[in-house]
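Observations on the model geometry
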Amino acid sequence: MSKARHAAPPGVAASETLDPHDWNDIRAQGHRMLDDMIDYIATIRERPVWQPIPDAVRAEFREKLPRAPSDLADVYRDFTDFVVPYTTGNVHPGFMGWVHGGGSPVGMLAEMLAAGLNANLGGRDHMPIEVERQIVEWTREMFGFPSGASGIFVTGTSMANLMAVLVARTSALGKPSRRQGIGERGALLTAYTSKAAHGCITRAMDIAGLGSDALRSIAVDEFHRIDVAALRAQIACDRAAGLMPFLVVASAGTVDIGAIDDIRAIARLCREEDLWFHVDGAFGALAILSPALAPRLAGIEAADSIALDFHKWGQVPYDAGFLLVRDGEKHRDAFASPAAYLRREARGLAAGSLWPCDLGPDLSRGFRALKTWFTLKTYGADRLGAVIARCCTLARYLEARILAEPRLELLAPVDLNIVCFRYCADDADRINGEIVVNLQESGMAAPSTTVLDGRLAIRAAIVNHRTDVVDIERLVSAVLEFGARRSSSAPGQVGIAEEAIAG
Ligand SMILES: Cc1ncc(COP(=O)(O)O)c(C=O)c1O
């Protein structure tokens, strides 16, 4: 073929691509960014866990829509000056708030590779989809699901739980309900979870059009596990009232204290009652990778669906939520919608149906699977399981330190990796709230709070593979120090800016 050069038509400048004129410039800049981020992770202990964003920084960062180009090096300088010092801090081993994974250098590199490929995993026939299918297979294997199971990456467990409610709803009402709406029968549907379940289950019922009132919050026992007898009684009561129980959501790791429901008993009950059995395993489900912890999840293999986050205990960088569904056909029934522009073929790029867009609400989807694939392959599932078990050992260590310290009080049993405690004081709710804020602002440690039986607790969730004994010790001594100062001063008297320490 001759290489004819075509003149650009009028109005189309030859150089309008966004690619650089000189690839060596961007290569050098890219190498610097990569080195900087590797250094950032390698030296994370030298920085505060978190620090407040000064008003001046917020103000300086704000600007009008940039119409004109800027030099990449200048934009990168803004990133290093304004963004890097003021992140959440969950890469740091002293971060113990909420439930945040620490990420890993391998995941970071994989994310860069994924961005380079810029793959859209909504569908079509390409290898990135096979990578996601590989993760589906591995996750299926982890939980002992049958070969017809399906799975899909989503943002996080909030989304995965919502999708599970939608799959269970369509399974209960039949596929025509997707056209006709939930109708009178839908108004009778009732779902069940424990009082300790994550709030996204309530939200899922609301978003699914079933109403949050249709979710029964069942009492928990002293270990924060759902009271299975009360669950059974509530289902019977609702049936007697002419309602249609359709779904039970068990927690494999409650958000407050990490309690695991009696999954096997709930699975049995769901089988007897013909109910969809979903497990919210946002962080706890991956404990299946630890031989020591896996027995605590016994019965999970009988679930109809499991929601989990690889970005929590799986240490994959955000975001990497996942939904696994036992019956792939039911999963597809809830979401697949034909469209002329999404026609499937036996050959060519439009081959390879079933596509991920048939299994969820998203059509455009990023390559979350790649960082998960790299993480699982590079570290191996056993090593990730060992990290998870170690987090639980550290939680036990913290529990022992609290029990041995008369100025501290343990507020909940330590079942997994979450420790809820507080500094003993009059006006303890106020003082412990201030201790947590002071700790966060000091940069020494970043736990969060929760309220248990009306009492404010300092909550340390050990999720990060970098967290070590030294971080637990630092947390304990800082709580004692801030607690002692707070107890002997009126509110607002303790200056903490000068306390900022890192490492
Ligand atoms: C038990 C539980 N369920 C659901 C969620 C929500 O997960 P995500 O933040 O990934 O949406 C969390 C978050 O911590 C959780 O702990």
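A quick note: this is a predicted structure, and the numbers were derived from the prediction, not measured. (Residues numbered from 1 in each chain as written. Predicted model: local features only at pLDDT ≥ 70, side-chain atom pairs only at ≥ 80, totals over all residues. Heavy atoms only, no water.)

1. Points about the overall build of the chain
Which entries qualify depends on this criterion: Counting from the N terminus, the helices are DSSP H or I runs at least four residues long and the strands are E runs at least two residues long. The atom set for the radius of gyration is the C-alpha atoms, and the globule formula is 2.2 Å times the number of residues raised to the power 0.38. Relative accessible area decides the class of each residue, using a 1.4 Å probe on protein chains only: under 20% of the type maximum gives buried, over 50% gives exposed, and in between gives partly exposed. Contacts are assigned to residue pairs that have any heavy atoms within 4.5 Å of one another.
Scanning the chain from N- to C-terminus turns up 16 helices and 11 strands. Computed over C-alpha atoms, the radius of gyration of the chain comes to 25 Å, within 12% of the 23 Å expected from 2.2 N^0.38 for 503 residues, which places it in the range of a compact globule. Judged by the C-alpha coordinates and their principal axes, the chain covers about 85 × 65 × 40 Å. Sorting the 503 residues of the chain into buried and exposed places 48% on the buried side. A fraction of 74% describes how many contacts in the chain between residues 6 or more apart in sequence connect residues 24 or more apart.

2. A few points about the site of the ligand
Heads up, the rule is: Consider each residue's heavy atoms; a residue with any of them within 4 Å of a molecule or strand counts as near. In the analysis that follows, any N or O atom pair within 3.5 Å is treated as a polar contact, provided that within protein one partner can donate a hydrogen and the other can accept it, and provided that, for residues neighboring in sequence, both atoms belong to side chains. Computed by Shrake-Rupley with a 1.4 Å probe, the accessible areas treat only the displayed protein chains as cover when residues are assessed. Each residue is assigned to one class: nonpolar for Ala, Val, Leu, Ile, Met, Phe, Trp, Tyr, Cys and Pro, charged for Asp, Glu, Lys and Arg, and polar for all the others, Gly among them.
Not every one of the 14 residues close to the ligand is listed here, only the nearest: T157, S158, D280, D309 and K312. In the environment of the ligand, an oxygen atom lies 2.6 Å from a nitrogen or oxygen atom belonging to the side chain of S158. Between an oxygen atom of the ligand and a side-chain N or O atom of K312, the distance comes to 3.0 Å. Considering the ligand on its own, with 390 Å² of exposed area, one finds that the protein chains cover 85% of that surface. Of the residues assigned to the shell around the ligand, the class counts are five nonpolar, six polar and three charged.

3. A word on helix α10 (residues 228-240)
For clarity, the cut-off: Any helix carries an expected span of 1.5 Å times its number of residues minus one. The arc in question is formed by the directions pointing from the helix axis toward the C-beta atoms.
Taking 1.5 Å per residue, 13 residues should reach 18 Å; α10 reaches 18 Å between its end C-alpha atoms and fits that length. Looking at α10, one finds that the buried residues are V228, L231, I235 and D238. For α10, the buried positions fall inside an angular range of 85 degrees around the axis, keeping them on one side. For α10, exposure combined with an orientation more than 90 degrees from the buried face picks out A229 and A240. The inward-facing, buried residues of α10 contact β2 (189-194), β3 (215-218), β4 (244-251) and α11 (263-273). The first or second residue beyond α10 is G242, which carries a positive phi of 85 degrees.

4. Thoughts on the packing of aromatic side chains
Two numbers describe a pair of aromatic rings. These are the distance of the centres and the angle of the planes. What counts here: When the centres of two rings from Phe, Tyr and Trp lie within 6.5 Å, Trp using its six-membered ring, the rings pair. Their planes under 30 degrees apart give stacked, over 60 give edge-to-face, and anything left gives tilted. Two limits define a charge over a ring: the Lys NZ or Arg CZ must be within 6 Å of the ring centre, and within 35 degrees of the ring normal.
If you walk through the whole model with that rule in mind, you get eight aromatic pairs. Ring centres of F153 and F310 lie 5.8 Å apart, and the angle between their planes is 40 degrees; this geometry places the pair in the tilted category. Taken together, the residues F153 in strand β1 (residues 150-154) and F310 in the loop between β6 (305-309) and β7 (321-325) connect sequence positions 157 residues apart. Judged by its relative accessible area of 2%, F310 is buried. Taken together, the ring pairs in this structure connect F153, F310 and F322 into an aromatic cluster. For R124, the ring lying beneath its charged end belongs to W355, and the centroid distance is 5.7 Å. The ring of W355 has R344 lying over it, and the distance from NZ or CZ to the ring centre is 4.0 Å.

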